[in-house]
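# Close look at the chain arrangement
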Amino acid sequence: MVKLAKALSCVSPCKVLVIGDFLLDTYTVGKARRISPEAPVAVLHVNHEEHRPGGAGNVVLNLVSLGCEVLSVGRIGADSMGEKLRDALISESVDVRGLKIQKDYQTPVKNRVIADSQQIVRIDHENITSIDDSLEQELHTLLPKLLEGVDVIAISDYGKGFLSNGLLSKVILEGKKRKLPIIADPKGVDFTKYAGATIIKPNLGETYAAANLLPDAPLEHATNRILEQIETEILMVTRSEEGISLFYREGKREDYPVTIREVVDVTGAGDTVLAVLAWSLANKLSMREATELSNISAGIAIERFGCARITLSELARRLLEQDVENKVFDVDHLFALIEALRGRRCILLSVTSQEGLTSAIFQAIRTIKLKKNTDLIVFVRDDEPCNEFVEILTTLHDVDFLILSHENLCH
């Protein structure tokens, strides 16, 4: 398990370029109280409509929520939906210099109709249209400038025709020149167009389809076939409730299970994984840490309806919930704790190992925890705290977080 203090204390400002298919997600929300006299269908009384960036735009929103500077590269149509999409990104302080208008292109819209918190239908407005030659050449010229200061490239392919083989080749070439991690979330059965990417991230179904194998074949057979055909360092296969598996060119496999409270909606979970993976690698975290964090974030995302935005605070708290050792901090790693406590009420209780855990301290802990929605932080103010004392405090369910004044953490 990733140690929260170690992983999140490494977080610093970073910049990610997201290139791919930008969509507009619309949510038409209302109540269905009667059947239409015209046909045996429900009548929806609309309460409100929401418009959010979707597709590659959802990757962007998740990166923004994690504190990243994001530069978007894609296209929109010369239409009102394209304007809404562009304005929504600008309102999130996203750099849209690489978001271009293609005149013969319709901005894709996915309208999810929601009745009483239940999606009853999705209405798609889209046409698969190849990127215009002049637009592709413009982006070829612009890419070196756009990549200045970028830490990671994230490719979000939704198969709408924007990511041509030529554009992908140019993006990957420019990224490799700068030794940038390049993560590709693929679409379709031909993964050769992503050759040269550091990581290719298909889901389970996409993996078998790209390998031209049936789903009952061993997964290693599928991944080995892909790795034999394509130049990439790592194949990351997202496996829904079974978590994530990494397959390396040298034959190594690593499996990362996921803990999910309740599956509500899997929409956008792949976007969440791509965003958190890009953010983690931009912050120089290890592949193991990046995968763990991506896996946990996806678990949070599918517990919510629609495309969820995962914040650093939510990620920090979920890590804490999954490993009690994560609640121990020293004074040099309080950034992680601050993020976990953002927007929450907390009380600080100071103790020393010399005084021990007296009945008065236990009573104080119990009284504090009776307060609703309150986190208890215990500060051990000894210069060299007793390990046994720290271990006891760590196991107390009522203690949410523990701060040590010395680097002598319990092991």
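Residues numbered from 1 in each chain as written. Predicted model: local features only at pLDDT ≥ 70, side-chain atom pairs only at ≥ 80, totals over all residues. Heavy atoms only, no water.

### Points about the sheet that holds strand E10 (residues 199–200)
- Reading across from one edge, E5-E4-E1-E8-E9-E10-E11-E12-E13 is the order of the nine strands in this open sheet, with mixed pairing throughout. Both edges of this open sheet fall to strand E5 (95–102) and strand E13 (253–256), since each of them pairs with a single strand only.
- Pairing of strand E11 (residues 234–238) with strand E12 (residues 244–248) involves five bridges; the strand directions are antiparallel. When the bridges of E12 are listed, Thr 238 appears paired with Ile 244.
- Strands in contact with helix H4 (residues 133–146) are strand E1 (15–20), strand E4 (69–77) and E5; relative to E5, the strand with the most contacts, it is inclined by about 175°.
- Sheet contacts for helix H9 (residues 287–301): E10, E11, E12 and E13; angle to E12, the most-contacted strand, approximately 155°. (Pairing = 2+ DSSP bridges. Helix = DSSP H or I, 4+ residues; strand = E, 2+ residues; numbered from the N terminus. Contact = heavy atoms within 4.5 Å. Axes fitted to C-alpha atoms, helices over the stretch in contact; angles between N-to-C directions.)

### Description of the packing of H4 against helix H5 (residues 165–177)
- Where H4 contacts H5, the axes come no closer than 10 Å and their chain directions differ by 5°. With respect to H5, the element H4 is oriented roughly parallel. Mapping the contact onto sequence places Glu 136, Leu 139, His 140, Leu 143 and Pro 144 in H4 and Gly 166, Leu 167, Lys 170, Val 171 and Glu 174 in H5.
- Of the residues contributing to the contact of H4 with H5, the split by class is five nonpolar, two polar and three charged. (Parallel < 35°, antiparallel > 145°, perpendicular 65-115°, else oblique. Nonpolar A, V, L, I, M, F, W, Y, C, P; charged D, E, K, R; others polar.)

### A look at the pairing of E1
- Counting buried positions over the six residues of E1 gives six, a clear majority of the element.
- Of the strand pairs in this sheet, E1 and E4 are connected by five bridges, and their pairing is parallel. Within the sheet, the bridge partner assigned to Val 18 lies in E4 and is Ser 72.
- Pairing geometry for E1 and strand E8 (residues 152–156), over five bridges, is parallel. Each bridged residue has a counterpart across the sheet, and for Gly 20 the counterpart in E8 is Ser 156. (Buried < 20%, exposed > 50% of the residue type's maximum accessible area, 1.4 Å probe, protein only.)

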